[in-house]
Amino acid sequence: MTISLDLGCGLNPKNPFSATEVYGVDVREDAAAHIYKADLVVDPIPFPDDALEFVTAIDFLEHIPRLIYAPHRRNAFVEVMSEVWRVLKPGGHFYSCTPAYPHSAAFCDPTHVNIITEETFPNYFDEVRNWAVIYGFKGKFQILSQEWRGPHLNTIM
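Residues numbered from 1 in each chain as written. Predicted model: local features only at pLDDT ≥ 70, side-chain atom pairs only at ≥ 80, totals over all residues. Heavy atoms only, no water.

**Let's talk about the overall build of the chain**
Turning to step 1, where the next piece is worked out: Across its full length, the chain holds 3 helices and 9 strands.
Turning to step 2, where the next piece is worked out: The helix and strand sequence of the chain, counted from the amino end, reads β-β-β-β-β-β-α-β-α-α-β-β.
Turning to step 3, where the next piece is worked out: Against the compact-globule benchmark of 15 Å for 157 residues, the chain has a radius of gyration of 15 Å, which places it among compact chains.
Turning to step 4, where the next piece is worked out: Projected onto the principal axes, the alpha-carbon positions of the chain cover approximately 35 × 35 × 30 Å.
Turning to step 5, where the next piece is worked out: For the chain, buried positions account for 46% of its 157 residues.
Turning to step 6, where the next piece is worked out: Counting contacts in the chain only where the partners sit at least 6 residues apart, residues at least 24 apart contribute 56% of the total. (Helix = DSSP H or I, 4+ residues; strand = E, 2+ residues; numbered from the N terminus. Rg over C-alpha atoms; globule rule 2.2 N^0.38 Å. Buried < 20%, exposed > 50% of the residue type's maximum accessible area, 1.4 Å probe, protein only. Contact = heavy atoms within 4.5 Å.)

Dropping the structure here:
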């Protein structure tokens, strides 16, 4: 049995890895659809450590602010990435699909508050450079693939 969690899933958790069990996290709960309620800008992912083979974030990370004050300064995007690392089993995979710079789709939606670039994951969250550790990141992803599909940057770590 493989388990996947789709962050910011809306009404329909996605399952690009064809996991046998699929859950979602969103700001709305729907127990019948296996969707848990959490605002990931401020809340942890509601799963235990090392619980999931896959985590996906499809059209989601661009909505997570890099910095918030709630009530103290927090690096919300780094915290989300640490949470992804925490809930993934060793050897698990994280898939991000997000509109990214330099495409206008990254900027035109006023709810896009986090602009991702080709350098974001390799420089800040990969085990080689891991620059996000200075901001509190707790993890060491390995970039397995990164490619463009139109304005979306698709990354598997």
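Structure shown, so let's carry the discussion forward.
**A few points about the side chain of His112**
Turning to step 1, where the next piece is worked out: Note that His112 resides in the loop between α2 (105-108) and α3 (120-124).
Turning to step 2, where the next piece is worked out: At 3.1 Å, the side chain of His112 forms a polar contact with the backbone oxygen of Ala105. (Polar contact = N/O pair within 3.5 Å; in protein donor to acceptor, adjacent residues only side chain to side chain.)

**Section: unusual backbone geometry**
Turning to step 1, where the next piece is worked out: Omega for the peptide link from Ala70 to Pro71 comes to -15°, which places this bond in the cis form.
Turning to step 2, where the next piece is worked out: By the element assignment, Pro71 lies in the loop between β5 (68-69) and β6 (73-74).
Turning to step 3, where the next piece is worked out: The omega angle of the peptide bond from Tyr101 to Pro102 is 15°, so this bond is cis rather than trans.
Turning to step 4, where the next piece is worked out: With respect to the helices, strands and loops of the structure, Pro102 is situated in the loop between β7 (88-99) and α2.

**Quick word on the layout of surface pockets**
Turning to step 1, where the next piece is worked out: Taken as a whole, the largest pocket spans an internal volume of roughly 240 Å³.
Turning to step 2, where the next piece is worked out: Every residue lining the largest pocket is counted, 15 residues in all, and those nearest its centre are Arg66, Phe77, Val78, Tyr124 and Tyr135.
Turning to step 3, where the next piece is worked out: Broken down by secondary-structure element, the contributors of at least two residues to the lining of the largest pocket are α1 (76-87) and α3.
Turning to step 4, where the next piece is worked out: It is α3 that provides the largest number of residues to the lining of the largest pocket, a total of 3 residues.
Turning to step 5, where the next piece is worked out: Its residues placed into classes, the lining of the largest pocket shows 8 nonpolar, 4 polar and 3 charged. (1 Å grid on protein atoms, 1.4 Å probe; cavity = no way out; pocket = protein on both sides within 12 Å on 5 of 7 lines; lining within 4 Å. Points joined across faces, edges and corners; volume = space filled by probe spheres on them. Nonpolar A, V, L, I, M, F, W, Y, C, P; charged D, E, K, R; others polar.)

**Structural notes on the nonpolar core**
Turning to step 1, where the next piece is worked out: The biggest cluster of nonpolar side chains holds 36 residues, and the ones touching the most others in it are Leu7, Leu61, Met81, Val84, Phe94, Phe125 and Phe141.
Turning to step 2, where the next piece is worked out: Going through the elements one at a time, β1 (3-7), β2 (21-26), β4 (52-58), α1 and β7 are the ones with two or more residues in this core.
Turning to step 3, where the next piece is worked out: With 7 residues, α1 is the single largest residue contributor to this core.
Turning to step 4, where the next piece is worked out: Apart from residues no more than four positions distant in its own chain, Val84 is found in contact with Leu7, Ile45, Val55, Phe94 and Phe141. (Core = buried A, V, L, I, M, F, W, Y, C linked by side-chain atoms within 4.5 Å.)

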